[in-house]
Amino acid sequence: MASGVPRPVGATYRLQLGPSFTFGDAARRVPYLADLGVTHLYLSPVLEAVRGSTHGYDVTDPTTVRAELGGRKGLEKLADAAHVDGLGLVIDIVPNHLGVARPEQNPWWWDVLKNGRKSAFAHYFDIDWDPRNGAGGKLALPVLGSEADAAALTVDRSGPEPVLRYHDRVFPVGREVGGGDPERVHYAQPYRLVPWDAPIRSYRRFFTVDDLAAVRVEDPEVFAATHTEIGSWFADGIADGLRVDHPDGLADPVRYLRRLRELAGPGAWIVIEKILESDEPLDPILPVAGTTGYDALRELGHALLAPAGAPGLSALHECWTGDDGAVRWNSGATLRLRDELAARDLRPEFLRLARAIRVETGTAVPIDNLADAALFWMNEIPYYRDDYPVLSPQAEAVRSRLLGAAGPETSAEHRAIEAVATAIDRGAESAARFAQLTGALTAKSLEDTAFYRSARLISLQEVGGAPSDIGPSDPHPALARRAAEWPAAMTTLSTHDTKRGEDVRARIGVLSQCPDDWAAFVDRSMPLLPSPPDPMTGLFLLQTAFGVWPEDGAITDALRARLHAYAEKAMREGRIGTSWTAPDGAFEAAGHAFLDALFDGAAGATMTDLADALAPHGRSDALAQKLLQLAGPGVPDVYQGTERWEDSLVDPDNRRPVDWEATDDAHPKQRLVRAALRLRRERPDSFVGGTYSPVLADGPAADHLVGFRRGPDGGVPDVAALATRRSLGLERSGGWRDTRVDLGESAWTDRLTGQFVTGRVHLAELFLEHPVALLVRD
C-alpha cells in the first residue's frame, strides 16, 4: 500500500459488511459505484467482531481487521481495487465499547474475567470495583435466567484450561478451589454471574446494552491500544476518512477527537455520529468535518411537509388515544419514561454517579437523594450532553434555574442539587459520568421508546428528529448555515439506524397534505379490524403499513413477514403492554391479528386505494429530498440500495442484502442519483465549499417550489437544483398554472432530461417529465 495525501471526499456510498458481504464482495461492486459517481466507499466497522455479527459494532479485538471479512489483506485489496477506479475508503470506527457477549472471543475481557483487578486490561474497561457495587466489589455479569439458575453451572476441564459453562456461555476459571464444585468455583472468581433482570451492573455499558462494555479511551494507553490499527490505515494509504460512532458516550469527546485528528492527520475527513437538537449548534472547536447527517435528514424531511396538516393529524390522534401525539423531549410522558429508566434500567449508572459525587464533594446527602438530584438536573437538559463549550450559556441557565427552584438552602433538595453542581464544577469523574449518562437517558427515553408511542406522523420519529414540529416550511436558513459553517459535513437520508427508509418516510409525509383523507381511512378501517392491543399501537401499525403498502395491493409472504417482525419490535420498544424483558403474548398476538386482518380483509382494499392515490406523491417527495441532499451543502452519503426505490423499515430490515443486479438506467431515482453524483465529481468546487443561494418562484403556486443555486466560492453559480414539494396540494389547487422561475439570461441544461432553458421559465414546462430538475449553466 502506498501512503500519501488523503483523497478529497465528495460523496460516499455506505456498505454494510458482514459474513455474507465481505471485502471481496465490496471490491466486485467498485466499478458500479465508480460509474454511479461517488468518490468513496463508506464501510461499516471492519475490526474483529463477535463471529457472525451482521453489523460489526460488537468489536471484540480492535487490534485486528475482521477475519470473516477477509482480514487485513482483504482490506488492502479492497483499497487497491477502489484506488484503481479513482475511489477511496471511509471507515466506521467504534471507540465507545467492545462486544462482550462471547467472552472467549474478546481476549482483553477474558483476561479481566480471569484475573480481575490484577489484569493488565482491567483499566481498559470502565468497571466499578467498589465494594458497594451490588456484587461485593466483583464484576457482575447479568447472564443468569434467575438466581436458581446458578445450579446450571458446570466446570469443563476438557480443554487446555478449565472453564465455567452456563448453557452455551463460557467463562474463565482464574482461581481453582478444592473439590471443583461449580458454585464454589464460581464464587471464587473475580466476576459474579447474576440474573439478567437484577438491578446490578458493575461496568458501564453502551446505553443499556449488557453485551457492549464501555472502554476508557480517555486513558492514553487505552487509546493507543485501541487505535494502532486505525492509525495504520492512514500511514499506509488505506483510508481517507473515518466515521466515529457516538462520541457523546466518551468521557471527554473533545480531547478524544483531538487525539484522533493527530493520529489520522490534518487531511483526513472525520465525521461524528453526534445527534443535534434543532436548536443545537455543533461546537466549532471540534477538529472534525461535521456530523454524520441526522440533522440534515431532519431538515430535508421537514422542508417537504405541509405544516397546515398538523391540527388535523393531532385531532385524529387525540380522538383515538386521548393525546395529540406531538412527542416532546420534556413532555410529561417523556419525563415519566426518564424517571422509569433512572429507577430501573439505568439505576446502576445513577448510583455509581451518586457515589462519585459523594466522594468528590464530601457531602452527607444520601446516595439515593444524589441520584434523584442528578436526574432532576438531567431532565432540564434538552441535548445529549451540554458540556461542550458552545453550550455553556445554556448550561449556566439550567444551573441557575435548578438552584433557584430547589427550595431553601437548608432543604435536602437544595443540598443535593448543590452537591451535583459542585461535582460538575470540579470536572472530575462525576462530571464525565453525568455527561455520559445524559445521552443514554435521552436516547433510551426518546428515540428508543417515546418514538414508538406516538402515531401522529411517524416519518418524523427518527434519530435526531423533532416530531413535535411539522415544519418549518423554509429550509434555506439551515442549508445556508451548513454551506457556511460545515460545508464538508456528511448528509444522509437513510442509515443502518434509521427507523424507516427514506422513501417510506417520504410517502408517510404526504399524509401531512391530506389529514382529512387519512382520518377518513382510519375511521372507516378501525371498525373493520379486530381491536388492536391499544389504540395508539393500532394507529402506529396502520401508518407503518401505509408507508410500505404496494399500490396493487399484492401482499407477498415476504412483506407480510417483514411487517410482522417490525410490529413485534415496535410493540416491545414502545413498552406499552409488552417489552423485550417482559413480553406479553396476548398483547402481541392482538397486534399481529390486527395486521393479518388488514392484509386479508376489506380494510386492506381501502388501504390499496389510498396507497394507489398517494404513492405518486410519495415518489415525488422521495426524488425531491434526494436531489436536495445530493446537490445541497455537505458531503452526501447514499445508503446501500437507496439509489432505487426502497421500502426498508428499522434494523435488521434495513440491512437486508442489496439486489445488485437490479440496476436500471431508466429508473427515475437511479437516474437522478447518477446525474447528481457525476455532476459533483465534475464540478467539485461548486459543492463542498461552494456557494449557496435560494431560488424563489413567483406566481400562484410559488410555495410549491424549493430550490437553490450552487457555485464555486467567489465565482458565478453554475448549478441549480429545483424540486416540487407538496405535490398533492399542488395538484388539488390547479397545478403550477402561471408560476415561473427566473433563471436570468444564462443558458441552462437539465441533466435529467437534456432540456434547454433560459430566462423566465414556466415550472409546468420545466417539471413536465420529472418533479425535479438539475440545471447546469452552459
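It should be noted that the structure appears before, not after, this text.
So, a few notes on the structure that sits alongside this text. Just so we're clear, the structure is a prediction, and the values are computed from it rather than from any experiment.

### Quick notes on the overall build of the chain
Then comes step 1: Counting secondary structure elements, the chain contains 25 helices and 25 strands.
Then comes step 2: For the chain, the C-alpha radius of gyration of 27 Å lies close to 28 Å, the compact-globule estimate for 778 residues.
Then comes step 3: Its C-alpha atoms give the chain principal-axis dimensions of roughly 90 × 65 × 60 Å.
Then comes step 4: Considering the chain as a whole, with its 778 residues, one finds that 62% of them fall into the buried category.
Then comes step 5: When the accessible surface of the chain is totalled, it reaches about 28000 Å², and 52% of it is carbon and sulfur.
Then comes step 6: Distance between charge centres in the chain, computed from 83 positive and 111 negative side chains, equals 3 Å.

### Regarding the sheet that holds strand S12 (residues 205–206)
Then comes step 1: If you walk across this open sheet you meet the three strands as S6-S13-S12, and the pairing is antiparallel. In this open sheet, the two edge strands, each paired with only one partner strand, are strand S6 (97–99) and S12.
Then comes step 2: Relative to strand S13 (residues 209–214), S6 runs antiparallel, the two being bridged by three bridges. The partner of glycine 99 across the bridge, within S13, is leucine 212.

### Some details on the packing of helix H11 (residues 347–361) against helix H12 (residues 367–378)
Then comes step 1: Running from N to C, H11 and H12 point in directions that differ by 105°, and their axes come no closer than 8 Å. Classified by the angle their axes make, H11 and H12 are roughly perpendicular. Listed contacts from H12 to Arg347, Phe350, Leu351, Leu353, Ala354, Arg355, Ile357 and Arg358 of H11 are Ile367, Asp368, Leu370, Ala371, Asp372, Ala374, Leu375 and Met378.
Then comes step 2: Partitioning the contact of H11 with H12 into residue classes produces eleven nonpolar, no polar and five charged.

### Details of the nonpolar core
Where a protein is soluble and globular, its nonpolar side chains tend to be buried together.
Then comes step 1: Counting 116 residues, the largest nonpolar core has Leu33, Leu43, Trp109, Phe125, Leu139, Leu141 and Trp233 as the members making the most contacts within it.
Then comes step 2: In contact with tryptophan 233, other than residues within four places in its own chain, are Val46, Leu47, Val65, Arg72, Leu75, Ile91, Ile93, Ile238, Ala239 and Leu242.
Then comes step 3: With 50 residues, the next largest nonpolar core counts Leu457, Trp518, Val548 and Val650 among its residues.

### A word on the pattern of salt bridges
Then comes step 1: Applying the stated criterion across every chain, the model contains 66 salt bridges.
Then comes step 2: Residues arginine 72 and glutamate 76 are paired through a salt bridge, measuring 3.0 Å at the closest nitrogen-oxygen approach. In this pair, arginine 72 and glutamate 76 both sit in helix H3 (residues 71–84), four residues apart, roughly one turn of the helix.
Then comes step 3: A relative accessible area of 22% places arginine 72 in the partly exposed class.
Then comes step 4: Aspartate 738 serves as the salt-bridge partner of arginine 740, at 3.2 Å between the closest nitrogen and oxygen.
Then comes step 5: Taken together, the shared-partner salt bridges connect Arg14, Asp92, Arg243, Asp245 and Glu273 into one network.

### Considering the packing of helix H18 (residues 515–525) against helix H22 (residues 602–631)
Then comes step 1: Packing of H18 against H22 leaves a shortest axis separation of 10 Å and a crossing angle of 170°. One way to sum up the angle between H18 and H22 is to call them roughly antiparallel. Across from Trp518, Phe521, Arg524 and Ser525 in H18, the residues of H22 making contact are Ala603, Thr606, Met607 and Leu610.
Then comes step 2: Grouping the amino acids of the contact of H18 with H22 by side-chain chemistry returns five nonpolar, two polar and one charged.

### Some remarks on the side chain of aspartate 283
Then comes step 1: Of note, aspartate 283 is situated in the loop between strand S15 (269–272) and strand S16 (290–291).
Then comes step 2: Despite its burial, aspartate 283 pairs with no opposite charge, the nearest such side chain being arginine 258 at 7.6 Å.
Then comes step 3: Reaching out from aspartate 283, the side chain makes a polar contact with the backbone nitrogen of isoleucine 285 at a distance of 3.0 Å.

### Concerning the environment of aspartate 523
Then comes step 1: Relative to the helices and strands, aspartate 523 resides in helix H18.
Then comes step 2: Residue classification places aspartate 523 among the partly exposed positions, given a relative accessible area of 41%.
Then comes step 3: For aspartate 523 and leucine 316, which are 207 residues apart along the polypeptide, the C-alpha to C-alpha distance reads 9.2 Å.
Then comes step 4: In this structure aspartate 523 touches Leu316 and Trp320, once residues within four positions along its chain are discounted.
Then comes step 5: Polar contacts involving the side chain of aspartate 523 include one to the side chain of tryptophan 320, which spans 3.3 Å.

### Section: H3
Then comes step 1: The end-to-end C-alpha distance of H3, which contains 14 residues, comes to 20 Å, matching closely the 20 Å that a straight helix rising 1.5 Å per residue would cover.
Then comes step 2: If you check which residues of H3 are buried, you get Gly71, Gly74, Leu75, Glu76, Leu78, Ala79 and Ala82.
Then comes step 3: Contact partners of the buried residues in H3: helix H1 (23–28), helix H2 (30–36), strand S2 (40–43), strand S4 (59–65), strand S5 (88–93) and helix H6 (220–235).

### Points about the sheet that holds S2
Then comes step 1: Taken in spatial order, the eight strands make up an open sheet running S16-S15-S14-S5-S2-S1-S18-S17, and their pairing is parallel. Two strands close off the open sheet at either side, each with one partner strand: S16 and strand S17 (490–491).
Then comes step 2: For strand S1 (residues 12–15) and S2, the ladder comprises four bridges, and the chain directions are parallel. If you follow threonine 12 over to S2, its bridge partner there is histidine 40.

### Here we look at unusual backbone geometry
Then comes step 1: The linkage connecting aspartate 651 with the following residue, proline 652, adopts the cis geometry, with an omega of 5°.
Then comes step 2: Here proline 652 is to be found in the loop between strand S18 (635–639) and helix H23 (668–682).
Then comes step 3: Positioned with a positive phi, histidine 246 is a non-glycine residue whose angle comes to about 40°.
Then comes step 4: Secondary-structure assignment places histidine 246 in the loop between strand S14 (241–244) and helix H7 (253–264).
Then comes step 5: On the basis of relative accessibility, which here comes to 7%, the residue histidine 246 falls in the buried class.
Then comes step 6: Non-glycine residue arginine 575 carries a positive phi angle of around 55°.

### Remarks on the pairing of strand S11 (residues 191–195)
Regular strands place side chains that alternate from one sheet face to the opposite one.
Then comes step 1: Here S11 lies mainly inside the structure; four of its five residues are buried.
Then comes step 2: Of the pairings in the sheet, the one linking strand S7 (residues 139–144) to S11 comprises five bridges and is parallel in character. Considered in S11, the bridge of leucine 139 is made with tyrosine 191.

### Re the side chain of glutamate 229
Then comes step 1: Relative to the helices and strands, glutamate 229 resides in helix H6.
Then comes step 2: A distance of 2.9 Å separates the side chain of glutamate 229 from the side chain of tryptophan 233, its partner in a polar contact.
Then comes step 3: When sequence neighbours within four positions are dropped, the list of residues in contact with glutamate 229 reads Leu47, Pro62, Thr63, Val65 and Arg72.

### Observations regarding helix H21 (residues 585–600)
Then comes step 1: The end-to-end C-alpha distance of H21, which contains 16 residues, comes to 22 Å, matching closely the 22 Å that a straight helix rising 1.5 Å per residue would cover.
Then comes step 2: Turning to H21, its buried residues number three or more, namely Phe587, Glu588, Gly591, His592, Phe594, Leu595, Leu598 and Phe599. Down the axis of H21, the buried set is contained in an arc of 150°. They therefore lie on one face. In H21, the exposed residues that point more than 90 degrees away from the buried face are Ala586 and Asp600.
Then comes step 3: Buried positions along H21 lie against helix H19 (535–548), helix H20 (557–574) and H22.
Then comes step 4: Capping of H21 at its N-terminal end is provided by aspartate 584; its side-chain oxygen lies 3.1 Å from the backbone amide nitrogen of alanine 586.

### Overview of the packing of aromatic side chains
Then comes step 1: As enumerated under the stated definition, the model contains 19 aromatic pairs in all.
Then comes step 2: An angle of 40° between the planes, with centres 6.1 Å apart, marks the rings of tyrosine 13 and tryptophan 660 as tilted. Here tyrosine 13, found in strand S1, pairs with tryptophan 660, found in the loop between S18 and H23; they are 647 residues apart in sequence, far enough to count as distant.
Then comes step 3: Taking relative accessible area as the criterion, tyrosine 13 reaches 0% and is therefore assigned buried.
Then comes step 4: For tryptophan 660, a relative accessible area of 11% corresponds to the buried category.
Then comes step 5: Taking the centre distance of 4.3 Å and the plane angle of 20° together, the rings of phenylalanine 206 and phenylalanine 207 count as stacked.

Criteria and cut-off values
- Residues numbered from 1 in each chain as written.
- Predicted model: local features only at pLDDT ≥ 70, side-chain atom pairs only at ≥ 80, totals over all residues.
- Heavy atoms only, no water.
- Helix = DSSP H or I, 4+ residues; strand = E, 2+ residues; numbered from the N terminus.
- Rg over C-alpha atoms; globule rule 2.2 N^0.38 Å.
- Buried < 20%, exposed > 50% of the residue type's maximum accessible area, 1.4 Å probe, protein only.
- Areas by Shrake-Rupley, 256 points an atom, 1.4 Å probe, with all protein chains shown as cover.
- Lys, Arg positive; Asp, Glu negative; His and termini not counted.
- Charge placed at Lys NZ, Arg CZ, Asp CG, Glu CD.
- Pairing = 2+ DSSP bridges.
- Axes fitted to C-alpha atoms, helices over the stretch in contact; angles between N-to-C directions.
- Parallel < 35°, antiparallel > 145°, perpendicular 65-115°, else oblique.
- Contact = heavy atoms within 4.5 Å.
- Nonpolar A, V, L, I, M, F, W, Y, C, P; charged D, E, K, R; others polar.
- Core = buried A, V, L, I, M, F, W, Y, C linked by side-chain atoms within 4.5 Å.
- Salt bridge = Lys/Arg side-chain N within 4 Å of Asp/Glu carboxyl O.
- Polar contact = N/O pair within 3.5 Å; in protein donor to acceptor, adjacent residues only side chain to side chain.
- Expected span 1.5 Å × (residues − 1).
- Arc of directions from axis to C-beta.
- Phe/Tyr/Trp six-rings, centres within 6.5 Å; stacked < 30°, edge-to-face > 60°.

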